[in-house]
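# Fold and geometry: a report
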Amino acid sequence: MKKYFYLLLLNFLIVSWAQAQVKVSGKVQSEDNLPLALATAYLMKANTAIILKAAVTNEDGEYEFSGVHPGTYSIDIKMVGYISSKSDSFTIGKADYEGKVIQLKADNRKLQEVTVEGKRPMVESKPGKLILNVENSPLAAGNNALDIVQRAPGVSLDNNNNLQLMGQSGVSVTIDGRQTYMSGEQLLNFLKSTDGNQIKSVEVITSRSAKDDAEGAVGTINIVLKKNRMEGFNGAVNLTAGRGEKFRGNSSLALNYKKNNTTVFGSYAYSDEKAYRKLYLDRVIQNEGSKTYFNQKSILDEEERNHSYRFGVEQKTSPRNTLTVQFNGSNNTEYNDNDSKTNIGKSFTAFDSILVSTSAFKELFDRYSANLNNEFKIDSNGRKLTLDLDWSKFKSSKQVNYHNQFYDLDMHAISPEEIQRSGMPIGIDIYVAKLDYEHPLSKVSKLEMGAKYSNVNSDNDLTFEDFLNNTWTNNVQRTNHFVYKEQIAAGYLDYNNSIGKWALKAGLRGEYTFSDGNSLTLNKQVKRSYFKLFPNANLSYSLNENHMISLGYARKITRPNYRQLNPFDYFIDKLTFERGNPYLNPQFSNEFTLSYTMLQRYNVTLGINDVKDAIVESMGQDSIKNQTWVIRENLGKNLTAYLNLNVPVSIGKIWSMNNNVTGIYFNFDGMIAGFPVNRKSFLVQATSMHNLKLGQSLSANVNIRYFSPFKYNVYDLNGRWDMEVGATKTFKDQRSSLKLAVSDLFNTGNQHVTTNFGSFDSKIRQYQDRRVVRLTYSYKFGNLKNNYRKKDTSNEEKERAQ
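Starting from 1, residues in each chain are numbered consecutively following that chain's sequence as written. Local features are withheld for residues below a pLDDT of 70 in this predicted model, meaning they are given only at 70 or higher, and side-chain atom pairs are given and counted only at 80 or more; totals for whole chains, interfaces and linings count all residues. With hydrogens and water stripped out, all remaining heavy atoms of the structure feed into the side-chain values.

### Some words on the sheet that holds strand S38 (residues 627–634)
Across the sheet, which stays open at both edges, the four strands sit in the order S33-S34-S38-S37 with mixed pairing between neighbours. The open sheet has two edge strands with one neighbour each: strand S33 (569–573) and strand S37 (615–622). Strand-to-strand twist of the sheet, defined as the mean angle between neighbouring strand axes without regard to direction, takes the value 25°. Paired strands, as defined in this entry, are two strands with at least two bridges between them according to DSSP. Elements are defined by DSSP. Helices are runs of H or I of four residues or more, strands are runs of E of two residues or more, and each kind is numbered from the N terminus. Across eight bridges, the pairing between S37 and S38 is antiparallel. As a rule, the C-alpha atoms of each element are fitted with a line to give its axis, helices using only the stretch in contact, and angles between N-to-C directions run from 0 to 180 degrees.

Next comes the structure, spelled out in structure tokens:
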């Protein structure tokens, strides 16, 4: 692994050359000394109209320009609804410069006519992450969080609908920076129950600081929810109707009230989604001296209803202290009817029996969470203390009725009908406490430290019964009660410093993990406790204002989820199931990244991820019972290298686009299902997002995605592509809009999987209800303008506006 580090370091140093650069920062306020967010700041050469850099103010009204050369400059501030203002000229040398507060006067001629609204690019490139801005996009309207997340650059779904980043599994998903502590089916249900109209952006993060959890072998997907900053009372209503193979629709209401130092917010959303899916499966199981062939066709009829809600209060208890309390919840009901017919025989042209299976699923999934956040600014020098307390509860109850019957080719029954049922209640309780402290050492250096404790309890009680002699009888071979407990205590230290054109961020995180997996049915208990260190470092260098390069390193961990550790079999149908592995260990990875940013717009990132004891999906077969299963095991080494290119392009004032291309190289070396494997493959992922401004009130969006064929583990996946189109019409009142969108316009995005490895031979073709037409009406009401009230305060700029 050292050779990769030295190789990247050598490339980094070759392009380095010396020239001092500093940062220029400042604040923008209204006449009432309140911060103005989403104002545009321009760095200009003094006494000229040449714009060198541009930045958008954050929620505290702050802007910052990095990599500025010594010289004489001025700052020009512009914002819709306000009269532009320009600073006096100033000269900078080798030290960072903080400008005077710039105040903007309201343009009363425009304030009554114009809604103050900031427009961000579809995809933003920032150090260590790419940001997909979906707020107000027609492609996001009416969708859930899962639909939106998989549109982000570098994100995809594998053959089991698990999220992947840069073609790799082991992705951590957070909401507003807080971990969800879910994976697999639970994470899938959680994202499907999260209303897409409440999402502001999706951040794809490949770098890690010591402050961040070490979980996530390849990176983190952070979902940022919308926050309303307008004074007074306001809200928004969204109504969506959609049609694919079946009808689907949703609606949402968001309310916000802000007065002086108090903000009260809340939202509610309801969705009713119906879908249709077909699955074709061919597989061959080898017996001693013979083979058995299976040709299966399944039709899945799905319906899902979801209620989600969120409310909270933000209170500025003092000019330096902000307290936020919020509650989130959702109640999801899913129905899934699966009708399957499997032809069985000695070849695909000579069948001798038929298995007809029906299964009816009903699952209830309830999620509740509460969060308390308190941020205290100790002084005006930047010292800050933040406390986070989180509680989450997940309740799931899945009930399934099974009917299986074998027939001959004339559809005469050749065996008794099997009638079975199962119930699987799952309860998960999560408690998290986190304390973070920031301490500036100088104008260019800062120390961060903190601690975190999490406690997770999961209870999975599966009962399985056979209907025998008109009586339901417990099937002890398929009944299981599994309890899992996990505690993680962590502490970290982060150091940031800038010296001239160099910037360093380095840190160390330590995590102590205790886990206890106990199968009460099988009397199997596996306890683990371990302490691991996770160092990270990022060194960046600005050649000049148009060229910046950075080198990063981070050690990460991926822990197996609760279901993967449960030593039992989860049956998908009579002949297919997923098997848990209580001896599955966490995997550790070392990741190196080298990034180059040109003209503050174009970004290239090279990454190498080296995983030891990789958690790999393996397979098993029973030639007597003709059953096939999958299981996760620590099977070997996995080396992944990727090159990501992000290129935004603007053509005139009406057409803007963002193009993102990722090339990924995989190399797995280990044992799978008892067979040695040394498999190499290459994947290309590409996304091209287009925005067309067709008039003052009409815009259009086009999103094209492509995935090349590639080999993943023991699977061969087909190449596929899809196109989404959408249009938005904004009406004269500037409060209402109509959005029309079509996903997977040509119905080309279905994924097919083939396995031809050792004794395993199967082919899966999936046809999902992907082409959906959605029409969304949105209406904003209440105060939509930044009308500020005067306050008697001398240090309002120190307050945090969240």
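There is more to say, and it comes next.
### Quick word on the sheet that holds strand S11 (residues 123–126)
Strand order across the open sheet formed by six strands is S11-S12-S17-S18-S15-S16, with mixed pairing between neighbours. Lying at the two open borders of the sheet, with one neighbouring strand each, are S11 and strand S16 (178–179). Pairing geometry for strand S12 (residues 129–133) and strand S17 (residues 199–205), over five bridges, is antiparallel. Residue pairing across strands places Leu130 opposite Val204, the latter belonging to S17.

### Focus: the pairing of strand S36 (residues 602–612)
In this structure, strand S35 (residues 587–598) lies alongside S36, joined through 11 bridges in antiparallel fashion. Bridge assignment links Met598 to a residue of S36, and that residue is Tyr602. Between S35 and the antiparallel strand that follows it, S36, lie three residues; Leu599 among them carries a positive phi value of about 55°. Bridge count between S36 and strand S39 (residues 636–651): nine bridges; the pairing is antiparallel. Paired with Asp610 across the two strands is Leu639, which belongs to S39.

### Focus on unusual backbone geometry
Excluding glycine, a negative phi dihedral is what most residues carry, and trans is how most peptide bonds are arranged. In this structure, Leu38 is a non-glycine residue whose phi angle is positive, near 70°. Tracing the sequence through the fold places Leu38 in the loop between strand S1 (22–30) and strand S2 (40–45). Positive phi outside glycine occurs at Asp744, with the angle close to 45°.

### Some thoughts on the packing of aromatic side chains
Classification of ring pairs rests on two measures: the distance between centres of Phe, Tyr or Trp rings, Trp counted by its six-membered ring, which must be within 6.5 Å, and the angle between planes, read as stacked under 30 degrees, edge-to-face over 60 and tilted in between. Across all of its chains, the model carries 17 aromatic pairs by this definition. With a centroid separation of 4.3 Å and an interplanar angle of 5°, the aromatic rings of Phe90 and Tyr97 are classed as stacked. Only protein chains enter the area calculation, which uses a 1.4 Å probe; residues under 20% of their type maximum are buried, those over 50% are exposed, and those in between are partly exposed. Looking at Phe90, the relative accessible area reads 8%, which means it is buried. You can call Tyr97 partly exposed: its relative accessible area is 25%. Grouped by ring-pair contacts, the aromatic residues Tyr73, Phe90 and Tyr97 constitute a single cluster. Consider the ring centre and the ring normal. A charge sits over the ring if Lys NZ or Arg CZ is within 6 Å of that centre and within 35 degrees of that normal. The cationic tip of Arg478 hangs over the ring face of Phe464; the distance from NZ or CZ to the ring centre is 3.8 Å. Above the ring of Phe707, the side-chain terminus of Arg720 is found at 4.3 Å from the ring centroid.

### Focus: the nonpolar core
By size, the foremost hydrophobic cluster in this structure holds 49 residues, and its most contacted members are Val155, Leu163, Leu191, Ile199, Val202, Ile223 and Ile672. Contacts are assigned to residue pairs that have any heavy atoms within 4.5 Å of one another. Look past the residues within four positions of Leu191 in its chain and what remains in contact with it is Asn144, Ala145, Leu146, Leu163, Val173 and Ile223. Counting 20 residues, the second largest nonpolar core, distinct from the first, contains Ala39, Ala41, Ile75 and Tyr82. We call a set of buried Ala, Val, Leu, Ile, Met, Phe, Trp, Tyr and Cys residues a nonpolar core when their side-chain atoms join them within 4.5 Å.

### So, the pattern of salt bridges
Working definition: two side chains of opposite charge can pair if their charged atoms are close together. A carboxyl oxygen of Asp or Glu within 4 Å of a side-chain nitrogen of Lys or Arg is what we treat as a salt bridge. Under the criterion given, the structure shown has 31 salt bridges. For Arg248, the salt bridge is made with Asp769, and the minimal N-O distance between the two is 3.0 Å. With a gap of 521 residues between them, Arg248 in strand S20 (residues 247–259) and Asp769 in the loop between strand S48 (760–767) and strand S49 (772–782) connect regions that are remote in the sequence. On the basis of relative accessible area, Arg248 is assigned to the buried category, the value being 9%. Residue classification places Asp769 among the buried residues on the basis of a relative accessible area of 12%. A single network of salt bridges, built from pairs that share partners, joins Asp213, Glu215, Lys452, Arg509, Glu511 and Arg559.

By themselves, these are just geometric observations and shouldn't be taken as functional.
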